[in-house]
Amino acid sequence: MHRGSSGADVKSREALLAEARQCLGFGEHQRAIALLNQVLARWPEDAQALAWLHRMNPQDADLAFRTGVAAGRAGRFDIAAKAFAQALATRPQWAQAQVRHGDCLLRIGALEAAHEAYSAALRIDPSRLDALYGLRDSLPFDAQAQRAQFMQRICELSPTAEHFTRLASDHYNAGELE
């Protein structure tokens, strides 16, 4: 059930998706696309509609990215990682997609691949703090010296209280502060 939706909204969504499925079965792709776009107009992050549209047009990087975001929010990080990889196949210089891809890879335990994605994002945009945090998080826990270097760079790029707080919190959680 979609959060915040009434029973009538869910039924309408289900009816639109059922009709789109039927149109796809009959080869009526344009009608199916129109129905799926109606679903997305009302429920912009509907993972099922996004996935179907993406399968129909795998070269659409924006659609792949939206599919990845929806899948990630649903906790389906494996599917999200694949969607972000497809977006990057079309637009490899998209730093935000590299970071999101790295985030999903990190969540499924693919640390080396996540490290590569974050590194790619930083090659594209060296000032991306989210990529620096991700790169730090993709390091083995025993790589404390490297983690400290990343935190120093983060603080140099954006010395706000938030970053200092996160730095202190990380050291506290690692048992370095009492």
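The preceding data block contains the structure.
These lines cover the structure that appears in this document, whether it is placed above or below. (Residues numbered from 1 in each chain as written. Predicted model: local features only at pLDDT ≥ 70, side-chain atom pairs only at ≥ 80, totals over all residues. Heavy atoms only, no water.)

1. Brief notes about the packing of aromatic side chains
For step 1, the next point in the chain: Counted by the stated rule, this structure contains 2 aromatic pairs.
For step 2, the next point in the chain: Between F65 and F84, the aromatic rings sit 5.3 Å apart at their centres with planes inclined by 65°, giving edge-to-face as the arrangement. Remark: F84 occurs in helix α5 (residues 77-90) and F65 occurs in helix α4 (residues 61-73); sequence separation between them is 19 residues.
For step 3, the next point in the chain: Residue classification places F65 among the buried positions, given a relative accessible area of 10%.
For step 4, the next point in the chain: Residue classification places F84 among the buried residues on the basis of a relative accessible area of 1%. (Phe/Tyr/Trp six-rings, centres within 6.5 Å; stacked < 30°, edge-to-face > 60°. Helix = DSSP H or I, 4+ residues; strand = E, 2+ residues; numbered from the N terminus. Buried < 20%, exposed > 50% of the residue type's maximum accessible area, 1.4 Å probe, protein only.)

2. A word on the pattern of salt bridges
For step 1, the next point in the chain: For the structure shown, the criterion picks out 7 salt bridges.
For step 2, the next point in the chain: The partner of D130 in a salt bridge is R128, and the shortest N-O contact between them spans 2.7 Å.
For step 3, the next point in the chain: Connected via shared salt-bridge partners are R13, E14 and D46. (Salt bridge = Lys/Arg side-chain N within 4 Å of Asp/Glu carboxyl O.)

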